[in-house]
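Structural overview
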Amino acid sequence: MSRVLVGVKRVIDYAVKIRVKPDHSGVVTDGVKHSMNPFCEIAVEEAVKLKEKKFIKEVVAVSCGPTQVTETIRTALAMGCDRGIHVEVSGKDYEAMGPLQISKIFAALAKKEEASLVILGKQAIDDDCNQTGQMTAALLDWPQGTFASEVTIDGEKVKVVREIDGGLETIKISMPAVLTADLRLNTPRYATLPNIMKAKKKKIANMKPADLGVDEPPTRLAGVKVETVDDLVAKLKANGTI
Amino acid sequence: MFPASRYSIQAQRCIRALKTVQAEHAPSQHYTWGRNCSSAVMPRITSHYTIFPRDKDPRWEGVEMERFADEADVVIVGGGPAGLSAAIRLKQLAKEQEKELRVCLVEKASQIGAHTLSGACLEPSALNELFPDWKERGAPLNTPVTEDLFSILTEKYRIPVPMLPGLPMNNHGNYIVRLGHFVHWLGEQAEELGVEIYPGYAAAEVLFHEDGSVKGIATNDVGIAKDGSPKDVFERGMELHAKVTLFGEGCHGHLAKQLYRQFNLRENCEPQTYAIGLKELWVIDEKKWRPGRVEHSVGWPLNRNTYGGSFLYHLNEGEPLVALGFVVGLDYTNPYLSPFREFQRWKHHPFVAKTLEGGDRIAYGARALNEGGYQCLPKVTFPGGMLIGCSPGFMNVPKIKGTHTAMKSGMLAAEAIFPKVTAEDPASETAGLHIPEYEDNLKKSWIWKELYAVRNIRPSFHNYFGLYGGMIYTGVFYWILRGKEPWTLKHAGLDSAQLKPAKECTPIEYPKPDGKLSFDLLSSVALSGTNHEGDQPPHLTLKDDSIPVANNLAIYDGPEQRFCPAGVYEYVPLETGEGMRLQINAQNCVHCKTCDIKDPSQNINWVVPEGSGGPAYNGL
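Conventions and cut-offs
Going along each chain's sequence as written, the residues are numbered from 1 onward. Starting at A for chains and at 1 for ligands, labels are handed out in the order in which the entities are written. Residue-level local features of this predicted model are given only where pLDDT is at least 70; pairs of side-chain atoms are given and counted only at 80 or more, and the full residue set underlies all totals for whole chains, interfaces and linings. With hydrogens and water excluded, all non-hydrogen atoms of the structure serve as input to the side-chain values. Think of it this way: any DSSP run of H or I at least four residues long counts as a helix, any run of E at least two long counts as a strand, and we number them from the N terminus. We call two residues in contact when some of their heavy atoms are within 4.5 Å. Positive charges come from Lys and Arg alone, negative charges from Asp and Glu alone, with His and the N- and C-terminal ends not counted. One atom stands in for each charge, and that atom is NZ of Lys, CZ of Arg, CG of Asp or CD of Glu. We define buried area as the total accessible area lost by two parts upon association, computed with a 1.4 Å probe and summed across both. Any carboxyl oxygen of Asp or Glu that lies within 4 Å of a side-chain nitrogen of Lys or Arg is treated as forming a salt bridge with it. Polar contacts here mean pairs of N or O atoms no more than 3.5 Å apart (in protein, one a potential hydrogen donor and the other a potential acceptor; neighbouring residues in sequence count only if both atoms are side-chain atoms). Just so you know the grouping, Ala, Val, Leu, Ile, Met, Phe, Trp, Tyr, Cys and Pro go in nonpolar, Asp, Glu, Lys and Arg go in charged, and all remaining residues, Gly too, go in polar. Side-chain rings of Phe, Tyr and Trp, where Trp is taken by its six-membered ring, are said to pair if the distance between their centres is within 6.5 Å; with planes under 30 degrees apart they count as stacked, over 60 as edge-to-face, and otherwise as tilted. A simple rule labels every residue: compare its accessible area, found with a 1.4 Å probe on the protein chains alone, to the largest value its type can have, and call it buried under 20%, exposed over 50%, or partly exposed in between. By the convention used here, strands pair only if DSSP detects at least 2 bridges between them. Axes here refer to lines fitted to C-alpha atoms; in helices the fit is confined to the stretch in contact. Angles between the N-to-C directions go from 0 to 180 degrees. UniProt positions are given in the numbering used here, feature names are shortened, and annotations may be inferred rather than shown by experiment. Nine residue types can take part in a nonpolar core, namely buried Ala, Val, Leu, Ile, Met, Phe, Trp, Tyr and Cys, and a core is a set of them joined through side-chain atoms within 4.5 Å. Residues enter a patch when their relative accessible area is above 30% and they make no salt bridge; the linking distance is 9 Å between like charges and 5 Å between nonpolar side chains (Val, Leu, Ile, Met, Phe, Trp, Tyr). The method behind every accessible area is Shrake-Rupley, applied with a 1.4 Å probe, and residues are considered shielded solely by the protein chains displayed. Two cysteine sulfurs form a disulfide in these notes if their separation is within 2.5 Å.

The helix and strand inventory of chain A stands at seven helices and 11 strands. Its C-alpha atoms put chain A at 60 × 40 × 35 Å along the principal axes. Counting only contacts in chain A whose residues sit at least 6 apart along the sequence, the fraction spanning at least 24 positions is 69%. Of the side chains in chain A, 35 bear a positive and 32 a negative charge, and the two mean positions are spaced by 5 Å.

With that settled, the discussion passes to the interface of chain A and chain B. Interfaces are often described in size by the accessible area the parts lose on coming together. At the interface, 23 residues of chain A touch 30 residues of chain B. Together chain A and chain B conceal approximately 2100 Å² of surface at their shared face, both sides included; 59% is due to carbon and sulfur atoms. If you sort the residues of chain A by the area they bury against chain B, Lys-33, Tyr-190 and Leu-193 of chain A come out on top, with a joint share of 33%. Counting across the chain A and chain B interface gives one salt bridge. Residue Arg-19 of chain A pairs with Glu-319 of chain B through a salt bridge whose shortest N-O separation is 3.0 Å. Linking chain A with chain B are eight residue pairs in polar contact (both at pLDDT 80 or more), by the criterion used here. Element by element, the count of residues in the side of chain A that touches chain B is highest for helix H6 (residues 193–199) of chain A, at five residues. For the side of chain A that touches chain B, the class distribution of residues is 12 nonpolar, five polar and six charged.

Residue and element names in this part refer to chain B. Following the criterion strictly, the structure yields 15 aromatic pairs over all chains and no others. The interplanar angle of 20° and the centroid separation of 4.9 Å between the aromatic rings of Phe-263 and Phe-382 together place this pair among those described as stacked. Taken together, the positions of Phe-263 in helix H5 (residues 254–263) and Phe-382 in strand E21 (residues 381–382) put the pair 119 residues apart, joining distant regions of the chain. A single burial state applies to Phe-263 and to Phe-382, both of which are buried. Pairing Tyr-307 with Phe-461 gives two aromatic rings, centres 4.8 Å apart and planes at 85°, and the pair type is edge-to-face.

Moving on, we get to the sheet that holds strand E3 (residues 103–107) of chain B. Strand-to-strand pairing in sheets goes through backbone hydrogen bonds, with the strands running parallel or antiparallel. All names here are of chain B. A sheet is described by the order of its strands in space; here six strands give the open sequence E9-E3-E2-E15-E22-E21, paired in mixed fashion. Lying at the two open borders of the sheet, with one neighbouring strand each, are strand E9 (196–199) and E21. Looking at chain direction, E21 and strand E22 (residues 385–387) are connected through two bridges and run antiparallel. Bridge assignment links Phe-382 to a residue of E22, and that residue is Gly-385. With respect to the sheet, H5 is in contact with strand E2 (74–77), strand E15 (244–247), E21 and E22, its orientation differing from that of E22 by roughly 115°. The sheet strands contacting helix H8 (residues 403–422) are E2, E15 and E22, and the helix crosses E15 at an angle near 170°.

What follows concerns the UniProt feature "domain: Electron transfer flavoprotein alpha/beta-subunit N-terminal" (unreviewed entry) in chain A. Here, the residues flagged by UniProt with the feature "domain: Electron transfer flavoprotein alpha/beta-subunit N-terminal" (unreviewed entry) are residues 24–216 of chain A. Between the first and last C-alpha atoms of residues 24–216 of chain A the distance is 23 Å; the span itself is 32% helix and 30% strand.

Right, let's get into the nonpolar core. Soluble, globular proteins show a tendency: their nonpolar side chains are buried together. In terms of nonpolar packing, the biggest core is built from 119 residues, with Leu-117 of chain A together with Leu-246, Phe-247 and Tyr-438 of chain B touching the most fellow members. Sorting elements by how many residues they give to this core places H8 of chain B first, with 10 residues. Core analysis: the next-biggest nonpolar cluster, separate from the first, contains 73 residues, Ala-202, Tyr-274, Leu-278 and Phe-340 of chain B among them.

As a further point, take H5 of chain B. Residues and elements named next belong to chain B. Among the 10 residues of H5, seven are classified as buried, and the element is accordingly described as predominantly covered. His-254, Leu-255, Ala-256, Lys-257, Leu-259, Tyr-260 and Phe-263 are the residues of H5 that are buried. Directly beyond the C-terminal end of H5, a positive phi value near 55° is found at Asn-264.

Among the 10 residues that make up helix H13 (residues 547–556) of chain B, seven are buried, leaving the element largely enclosed by the rest of the structure. The complete set of buried residues in H13 of chain B reads Pro-548, Val-549, Ala-550, Asn-551, Asn-552, Leu-553 and Tyr-556 of chain B.

Okay, the sheet that holds strand E16 (residues 274–283) of chain B next. Residues and elements named next belong to chain B. Spatial strand order, E7-E6-E17-E18-E19-E16-E20: seven strands in an open sheet with mixed pairing. Unpaired on one side and paired on the other, strand E7 (158–161) and strand E20 (360–370) mark the two borders of the sheet. The average undirected angle you get between the axes of adjacent strands in this sheet is 20°. In the packing of helix H6 (residues 339–346) onto the sheet, contacts are made with strand E6 (147–153), E16, strand E17 (293–299), strand E18 (308–314), strand E19 (321–329) and E20, and the angle to E19 comes to roughly 135°.

So, about the pairing of E17 of chain B. Residue and element names in this part refer to chain B. Counting buried residues in E17 gives seven out of seven residues, a clear majority hidden from the surface. Residues Arg-293, Glu-295, Ser-297 and Gly-299 line one face of E17 and the alternating positions Val-294, His-296 and Val-298 line the opposite face, and both faces are buried. As paired strands, E6 and E17 are joined by seven bridges and run parallel to one another. Opposite Glu-147, over in E17, you have Arg-293 as the bridge partner. Note: E17 against E18, four bridges, orientation antiparallel. Residue pairing in the sheet places His-296 in a bridge with Phe-311 of E18.

Let us now look at a nonpolar patch on the surface. Judged by side-chain polarity, Val-229, Leu-232, Val-233 and Ile-242 of chain A come together as a nonpolar surface patch covering roughly 360 Å² of accessible area. Within the secondary structure, Ile-242 of chain A sits in the segment after helix H7 (229–238).

Okay, a negative patch on the surface next. A grouping of Glu-71 of chain A together with Glu-188, Glu-191 and Glu-192 of chain B is seen on the molecular surface, where their side chains present a negatively charged patch. If one sorts the elements of the negative patch by residue count, helix H4 (residues 179–192) of chain B sits on top with three residues. Structurally, Glu-71 of chain A is set in helix H2 (residues 69–79).

Right, let's get into the pattern of salt bridges. For the structure on display, the rule yields 44 salt bridges over all chains. A salt bridge links Asp-57 of chain B to Arg-59 of chain B; its shortest N-O distance comes to 2.8 Å. One salt bridge connects Glu-371 of chain B with Arg-458 of chain B, and the closest N-O pair in it is separated by 2.6 Å. Of the two residues, Glu-371 of chain B is situated in the loop between E20 and E21 and Arg-458 of chain B in the loop between helix H10 (446–453) and helix H11 (467–480); the sequence distance between them amounts to 87 residues. By relative accessible area, Glu-371 of chain B is classed as buried at 2%. Three or more residues joined by partner-sharing salt bridges are found here, namely Arg-3, Glu-58, Arg-83 and Glu-113 of chain A.

Another point: the environment of Phe-519 of chain B. Residues and elements named next belong to chain B. The residue Phe-519 is located in the loop between H11 and helix H12 (521–527) in this model. As for Phe-519 and Val-322, which are separated by 197 residues in sequence, their C-alpha atoms are 17 Å apart. Apart from the residues lying within four places of it in its own chain, the contact partners of Phe-519 are Trp-282, Phe-340, Gln-344, Lys-347, Arg-361, Pro-513 and Ser-524.

Turning next to the state of the cysteines. Cysteine pairs can be covalently joined through their sulfur atoms, and such a bond is termed a disulfide. Residues and elements named next belong to chain B. Overall, the coordinates contain zero disulfides over all chains when judged by the stated rule. We note that Cys-121 lacks a disulfide partner, and the nearest cysteine sulfur, in Cys-390, lies 15 Å from it. No disulfide involves Cys-595; its sulfur sits 6.3 Å from that of Cys-592, the nearest cysteine. A relative accessible area of 7% means that Cys-595 is categorised as buried.

To continue, consider the UniProt feature "transmembrane region" (unreviewed entry) in chain B. What UniProt calls "transmembrane region" (unreviewed entry) maps, in this numbering, to residues 461–481 of chain B. Summarising residues 461–481 of chain B: 67% helix, 0% strand, and an end-to-end C-alpha distance of 18 Å.

So, in structure tokens, the structure goes:
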């Protein structure tokens with residue numbers, strides 16, 4: 001009973017020039033062309049490939065964000081995912097959300113859906129954090145195969161070839177596990193029109209982070225600038241960090 | 001060749017000098033005509049299957065070419081004002097009369113509005129008919145026109161022209177809109193009514209029944225490599241069959257081009273004549289912002305025989321935004337003219353520069369537009385389909401508005417189609433419905449009256465005095481006589497035939513872009529957000545790969561390097577040997593269609609690339 005959770009993120013298309021809002025509170029997103037994060041496309045493709053090779057039974061596409069992310073989930077469904085989950089977060093909460101909250105959501109969903117694999121893109125092209133996959137694995141206490149350029153399932157284990165600074169590293173990890181997709185893992189298929197039409201009939205479940213026991217992200221505090229290293233050490237001692 | 005006896009001594013000297021120049025350049029001309037004598041190897045440019053059919057291509061042997069097909073009642077190609085208005089009207093009628101109707105709309109842009117570009121001053125007449133409650137529905141018409149200025153520009157000065165009521169471009173009662181946002185709103189209204197909208201899928205092929213009537217369209221194939229071979233991810237497009245197919249591809253649509261030939265729709269009208277419009281959006285200094293102000297100009301930097309002018313609209317949508325742009329008629333004769341650089345240098349005029357100084361440019365785009373009007377309207381119905389919107393071309397040129405007529409044509413098409421597609425027995429001779437009632441309705445509507453009244457204004461520019469002759473004609477015959485004169489003037493013919501050979505013209509010295517008011521081409525193209533999948537055959541196909549260097553470069557000095565607003569065409573030196581070759585940077589294309597229109601050899605055939613490629617305009 002193998003189920004895979006795939007995370008997809010809706011980001012501003014890579015070819016569009018970013019414009020900062022006049023009030024400097026963020027970037028302009030209204031009406032701007034968005035598309036699925038390229039690494040998420042690769043993650044979806046890998047999950048669908050695993051299903052086609054009959055290693056897994058069901059692929060569930062998950063995205064967190066406002067109503068527009070359902071379009072991105074629809075594209076994932078058109079690429080071959082079976083159903084979708086839309087975790088609704090909008091407005092200020094969405095802008096404040098970061099990898100930690102997303103990882104908490106994914107960890108909760110992975111447990112709820114009894115997933116054997118969570119496949120994510122290695123990073124999103126808007127924030128380039130490269131943290132969600134690793135944090136999710138840590139929260140679940142699952143092994144992780146990040147920067148995967150080749151994935152093979154071998155019984156209860158997964159062989160992952162990772163792209164690292166020195167070259168390629170091959171590891172064997174047991175399932176359940178978290179994988180993050182790197183560029184050379186595969187070439188994603190197109191979401192063709194007949195599949196988009198079929199995808200309209202597939203289910204997308206709706207839920208809120210609270211339903212999964214994840215609370216709102218804390219308000220981000222402003223940073224503080226200090227003049228010297230001594231000041232820095234003093235401040236860190238004062239707030240209890242060291 | 002020259003009857004020398006008829007000329008003065010100076011002229012004879014001049015003619016002799018010209019002949020020497022010709023003789024000097026003749027050898028290189030022979031060289032670039034290249035078929036037998038050139039030793040340079042020209043790399044192949046075109047690999048598209050419309051030029052090299054796949055059934056004869058060994059790389060495609062054994063590839064599954066079956067297409068998935070689906071049926072709808074009406075299929076609409078193009079999600080612009082015309083297509084969306086037609087879809088909305090069909091669904092409104094279906095709701096009123098409690099009938100079921102499946103309407104599918106395909107659009108090549110990644111989202112509705114992303115390929116839309118226009119000034120624009122919207123005349124709400126058609127919108128009032130379509131949605132009398134548009135204000136409550138939240139239509140983005142936020143800027144009523146408050147001031148209307150018209151100027152004739154000289155290099156340093158401005159001659160104001162009074163905007164008398166009754167003149168065609170008087171804008172009282174109209175709204176300045178960001179048409180991309182308006183079209184996006186129309187798309188939302190259409191989806192609410194149940195229209196199936198599929199952005200990101202381009203209609204690449206017209207399908208025909210056995211009896212020759214239109215059966216529907218097929219969307220683009222995906223996964224073809226740059227050299228024309230199939231990739232692993234190759235998948236065929238999908239067929240959408242319909243009782244009637246509406247083609248609303250906008251100005252100079254590529255499927256419409258095919259349909260004109262197939263059904264001989266242009267046998268009783270003049271060839272369409274066009275202009276190119278380039279546009280930018282600027283955030284300006286608040287002190288200079290006058291929301292609701294409309295400014296138009298003619299004159300500098302164009303000479304009196306080149307049709308064109310500018311627009312500058314102050315929007316009222318929160319931040320101090322202005323939409324400005326420049327239009328150049330594509331019947332210009334000098335191959336050294338660059339519409340993009342005319343636009344950039346116009347911004348330096350003191351009257352324009354003072355508004356833009358201290359501002360920031362945030363968007364750029366370009367699109368061809370129709371200038372032909374009444375004389376160029378083709379037959380718009382044929383068995384199985386009809387043409388709507390700017391595709392046949394209902395733009396009112398002197399008013400500089402085509403959105404209201406495009407919308408109305410879509411609505412009229414819907415009203416003509418509805419009884420036929422919902423009838424129990426359509427009683428049609430052909431499998432695809434032929435609905436000539438649409439054309440009859442057009443002729444009885446205000447579109448026809450409007451276009452007829454202004455039919456002579458644009459052609460009146462074809463006189464020795466050019467612009468000034470045209471303005472005098474407009475003043476007398478339109479403003480006083482309302483277009484009731486009994487004659488109909490003709491246009492000059494095909495735009496592509498108007499270019500004079502380069503040797504008869506003087507190159508134009510354009511100023512260098514200063515990076516504050518004027519900019520270079522490539523940074524402008526980057527602002528359009530345009531992109532295409534790199535590994536696909538260039539969609540700017542050439543019927544004959546050797547003609548650009550042999551003809552366009554040799555005789556006209558390669559005008560496509562100048563008229564393309566996206567830098568797609570470049571003549572670069574060959575890697576080995578002497579001579580030049582044409583390089584097509586298909587990824588830059590902004591889908592303006594100017595090259596297909598203006599190519600003097602008519603060798604370029606623009607076809608649709610993979611869907612969702614192209615510009616990413618946001619409210620242009």
